[in-house]
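Structural features, examined
Listed below, chain by chain, are the residues.
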Amino acid sequence: MTVDVAAAIAANRFGLGARPGDLAAIGDDPRGWLRGQLAGAAPLWPTAGLPSTGQILSGAEPILRARREARQAAGGGASAPASAELAMRLPQYLRPLYVNDARARLSAALLSERPFAERLVHFWSNHFAVSVDKLAVLGIAGSFEREAIRPHVMGRFRELLLAVEMHPAMLLYLDNQQSVGPNSPVARRAAQRGRTLGLNENLAREILELHTLGVDAGYSQADVTSFAKVLTGWSLGGGQGRLASGPVGAFVFRPEVHEPGLQNLLSRRYAEADQAQGMAVLADLAAAPATARHIATKLARHFIADEPPAAAIERIAGAFERSGGDLPAVYAAMIESPEAWDGASAKFKTPQDYLFSLGRGLALPPESEPRLLGAFELLGQRTYAPGSPAGWPDRSSDWDGASELLKRIELSDAVAQKLADRRDAMQLAPQLLGGTFSAATRESIARAASPAQALTLLLTAPEFLRR
Amino acid sequence: MPSHHRSSSPDVPGSQPQRLLRRRRFLQLGLAAGGSAFAVRYAFAARAVTDARFVFINMRGALDGLSAVPPYADPDYARLREQLALDAPGTADGSLPLDGHFGLNPGLSFVREAFDAREALIVHAVATPYRERSHFDGQDVLESGLTRPHATQIGWLNRAVAGLPAGAGHGAELGVALGQNVPLVLRGPAPIASWSPSKLPAVDDDTMQRIADRYASDPLLSQRLGDALAADHIAAESAAAGEEPASTASTAAANMSAGAAAGAAGAAANPAGAARYLETVRAAAGFLQREDGPAVAVFDTTGWDTHFNEGGAQGQLTQRLRAFDGALRAFKESLGSTWSRTVVLIATEFGRTAAANGTRGTDHGTGTVAFLLGGAVHGGRVVCDWPGLSARVLYEGRDLRATTDLRSVTKSVLRDHLHISPRRLDAEVFPADNLPYIEDLIRV
């Protein structure tokens, strides 16, 4: 492989797409360029000023209170519909918060000098997916990424896992604040009044299946149920009625809904009391070999190929186990995998990949960000909205559909019409594609009938659609 | 960016008919060039041998069959379901009457009408062979048609349409997915189109031809582009020619938006959602009405994962079913006379727990319902070997036991409606299980 191809792989496959000048800066040390991004602090945002989860949820409290009071005044219970005006107030409050966060994320991706680190943030955010089509997380999907993911992507997996499972966005997304131990004090009191309260196993199941061990790791329904009992009480502050307590928008353990007693799961006995029981299970899950393998497979699928070579998975999983889940060591093993440097353009870009690389490659100015944000939805990948706790799928065949391709072409053409007088396709192409710039694309750009058409042909070239 | 317009261009793309003209011109251009593999893709055969149409709608998220089609007469139902239980027909918050044992969720008024017209058939206590409780693996099994997850990248419907009778006059594409991408159920070697509405201006013919030329050496991209342009052509043509279906559907559209508005907060987070449902069913109808169009169509619906606050007769699930039911009504109206040759199979990856969980919802389970709708269905019946809901028969002590394999339903429809040969069905589509066929699902 030529130096030129390796630099393009570093910038486009590991990073978020080359900007003019990036490939020259990477030069003949693409691995060193990537390793350099793993050193140093977590990729926090330089831009302060976005509100914390606590601030966002505190701002929602008066709206929720007004809704409760209106219901009570109407004599209805918790399920009585609020007035249309009241029902709209919550989304009206949350939506601008969502947009601000999505835009800040886009801006960071377009401007980042550590695009590999930024891609890793996106990878983990998708691994631990929450989705804003659930209203409860509309305002806090962004703060979840800022507070639970970003600070930990250069740390240990175990700390990342804990930060995620204790974050209000995850607890709300997977309903855990509702789950009540059947023998907890609260459930017993409710039973005396003829009401049944009990488990919701959503979070427990997805932690095992999606976040840690993986679906084929051999756990049973009984393990899921036991783990759901372990996690009862993992909740957040604020709320209503007698259960209202704790700082709004922060993790709170509620002993009164926790299922008492020891739990057996995954062939181990957990006799710890209260929150310590869940901490112990999560620590064991983080250290399980199945987790190392599951994470290694997902990383290899994201960075190497749809069906990653077994050798690469072994190498990455081995680094995970040997380092005790030290993530930079895991990423370093990935960089050192020869398979990652084979087969340029092995992955078809997701819409997100495509738009980040388009924005970076064309050096789009900040004022075009709102429109670019709209393009994510248009191409089928609205920010923070994967629609499922499994996150966005990560195989080429999930994204290379016919309708999807036509939309990319139409979008490229619209962008090219707008920018053709300021961007020269023939000059840009080698800077964005490096050694992957093919003779066929060179010829098609050279023969274009207009500067706009030339730019469209660059943005729709097979090697620009892949990474 | 998406909303940019080319004021400098003499032919600014605009409405659908304009778009259609542009596409048609391009197609002619492509055909005139002749011989190239790219142009050949648009050759729609003139003669249809089978005019049967089949639609698969995937309800992703695990639909609660016990709330969609409540067995209100089962002695254990009300006890297990607590406040989620739907009452017998005839009461204030009761279910809609079906057959004296099962009712229908009050949101499903169109399905009820179709049932009365003998155009809806319900299969209860049905499931795929998957017996774990992961959505994602469950959906994989539902779509692959095999017994284990992640065993293939080819869906059962792709394997089935590859066996449409020789000479069947469908165009280049045998099936169409209404969505940005083709879901697993329809993925595979048989040519498939996908289509979703675009708000972007069309690209001029010369640029498109150059892109196509560049893709000539890239088999995947040239196939995808060919499929996309062919699908766009069909969609634009039916939009231009068929103002009728769009307008006959408008009443249902109005009903549906009203239902969605009642869904309040959830819909408010994504107000375009309800409208997009309608655009999808209309486009699907446009494809299926064409003589040379695809024989099968698929699309997805979501929002059925009711862990929390599922609700009863006025609850969240009922609201969502009502919006979906409105889309089905619009689909029938858009299809016009094609409805009489159509079978719609509606299925989900698995059911939900028989008992309500601790948060007024239900967790992942096993047995559930599937629906067959359409003028070609021998309907007005609930087909099921009801296992009951007593503690000793519940699967693993918690779920409705499945007594019918969904693949039996599917393959019987494929055999009797699309006339796929049993040999192909048993060897390739749902291989090696010796599953029985269910007779008489389709009107003769």
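Just above, that's the structure.
The structure displayed is predicted, hence computed values, not measured ones.

Section: the overall build of chain A
Across its full length, chain A carries 23 helices and four strands. Computed over its C-alpha atoms, the radius of gyration of chain A comes to 24 Å, within 12% of the 23 Å expected for a compact globule of 467 residues. The dimensions of chain A, computed from C-alpha atoms along their principal axes, are 80 × 55 × 40 Å. Counting over 467 residues, chain A shows a buried share of 55%.

Examining the overall build of chain B
Check the secondary structure of chain B and you find 16 helices and 11 strands. Here chain B, with 444 residues, has 58% of them falling under the buried criterion. Put simply, 74% of the contacts in chain B that link residues at least 6 apart link residues at least 24 apart.

Quick notes on the interface of chain B and chain A
Between chain B and chain A, the contact holds 57 residues from the first and 61 residues from the second. Those elements that place two or more of their residues in the side of chain B that touches chain A are helix 6 (135-144), strand 6 (192-195), helix 8 (205-215), helix 9 (219-241) and helix 12 (265-269) of chain B. Counting residues per element, the side of chain B that touches chain A draws most heavily on helix 9 of chain B, which supplies eight residues. Per-class residue counts for the side of chain B that touches chain A are 22 nonpolar, 20 polar and 15 charged.

Brief notes about the environment of Ala440 of chain A
Relative to the helices and strands, Ala440 of chain A is located in helix 21 (residues 439-446). You can call Ala440 of chain A partly exposed: it has 17 C-beta atoms within 10 Å. Residues Ala440 of chain A and Ala108 of chain A, spaced 332 residues apart in sequence, show a C-alpha to C-alpha distance of 33 Å. Apart from residues no more than four positions distant in its own chain, Ala440 of chain A is found in contact with Arg214 and Ser217 of chain B.

Some remarks on the nonpolar core
Grouped together as the largest cluster of nonpolar side chains are 263 residues, with contacts concentrated most on Val137, Ile316 and Leu458 of chain A together with Ala284, Ala297 and Ala370 of chain B. Those residues in contact with Ala297 of chain B that lie beyond four places of it in its chain are Val55, Gly175, Val176, Leu178, Ala284, Phe287 and Leu288 of chain B.

Observations concerning the environment of Pro462 of chain A
By the element assignment, Pro462 of chain A lies in helix 23 (residues 462-465). Once the C-alpha coordinates of Pro462 of chain A and Ser438 of chain A are considered, the two residues, 24 residues apart in sequence, prove to be 9.2 Å apart. With near-sequence residues (within four places) excluded, Pro462 of chain A lies in contact with Tyr215, Asp218 and Leu221 of chain B.

Comments concerning helix 18 (residues 369-378) of chain A
Note: α-helices contain 3.6 residues per turn, so residues at a spacing of three or four share the same orientation. Residue and element names in this part refer to chain A. When we look at burial in helix 18, the residues that qualify are Leu372, Ala375, Phe376 and Leu378. Each buried residue of helix 18 lies within a common arc of 165° when the element is viewed along its axis, so the set occupies one face. The elements touched by buried residues of helix 18 are helix 5 (84-111), helix 17 (351-361) and helix 19 (402-419).

Overview of the environment of Tyr98 of chain A
All names here are of chain A. Position of Tyr98 relative to the elements: it lies in helix 5. According to the C-beta neighbour criterion, Tyr98 is buried, with 22 such atoms within 10 Å. Setting aside chain neighbours within four positions, we find Tyr98 in contact with Val132, Leu138, Gly139, Ala141 and Gly142.

Observations concerning the packing of helix 11 (residues 202-211) of chain A against helix 12 (residues 221-231) of chain A
All names here are of chain A. It is at 8 Å that the axes of helix 11 and helix 12 come closest, and there the two elements cross at 115°. Once helix 11 is placed against helix 12, the crossing between them reads as right-handed. Within the contact between the two elements, helix 11 uses Leu203, Ala204, Arg205 and Leu208 and helix 12 uses Val224, Phe227, Ala228 and Leu231. Among the residues making up the contact of helix 11 with helix 12, the classes are represented as seven nonpolar, no polar and one charged.

Some points on the pairing of strand 1 (residues 53-59) of chain B
All names here are of chain B. Burial analysis of strand 1 places seven of its seven residues in the buried class, the great majority of the element. Burial of the side chains of strand 1 extends over both faces: Arg53, Val55, Ile57 and Met59 are buried on one face and Phe54, Phe56 and Asn58 on the other. In this structure, strand 1 lies alongside strand 8 (residues 342-348), joined through seven bridges in parallel fashion. Residue pairing in the sheet places Ile57 in a bridge with Ile346 of strand 8. As defined by bridge partners, strand 1 adjoins strand 7 (residues 296-301) across six bridges and the pair is classed as parallel. Across the sheet, Phe54 pairs through a bridge with Val296, a residue of strand 7.

So, how was this worked out
- Residues numbered from 1 in each chain as written.
- Chains lettered and ligands numbered in written order.
- Predicted model: local features only at pLDDT ≥ 70, side-chain atom pairs only at ≥ 80, totals over all residues.
- Helix = DSSP H or I, 4+ residues; strand = E, 2+ residues; numbered from the N terminus.
- Rg over C-alpha atoms; globule rule 2.2 N^0.38 Å.
- Buried ≥ 20, exposed ≤ 12 C-beta atoms within 10 Å, placed from the backbone.
- Contact = placed C-beta atoms within 7 Å.
- Nonpolar A, V, L, I, M, F, W, Y, C, P; charged D, E, K, R; others polar.
- Core = buried A, V, L, I, M, F, W, Y, C linked by C-beta atoms within 7 Å.
- Arc of directions from axis to C-beta.
- Axes fitted to C-alpha atoms, helices over the stretch in contact; angles between N-to-C directions.
- Left-handed = near helix turned anticlockwise from the far one by under 90°.
- Pairing = 2+ DSSP bridges.

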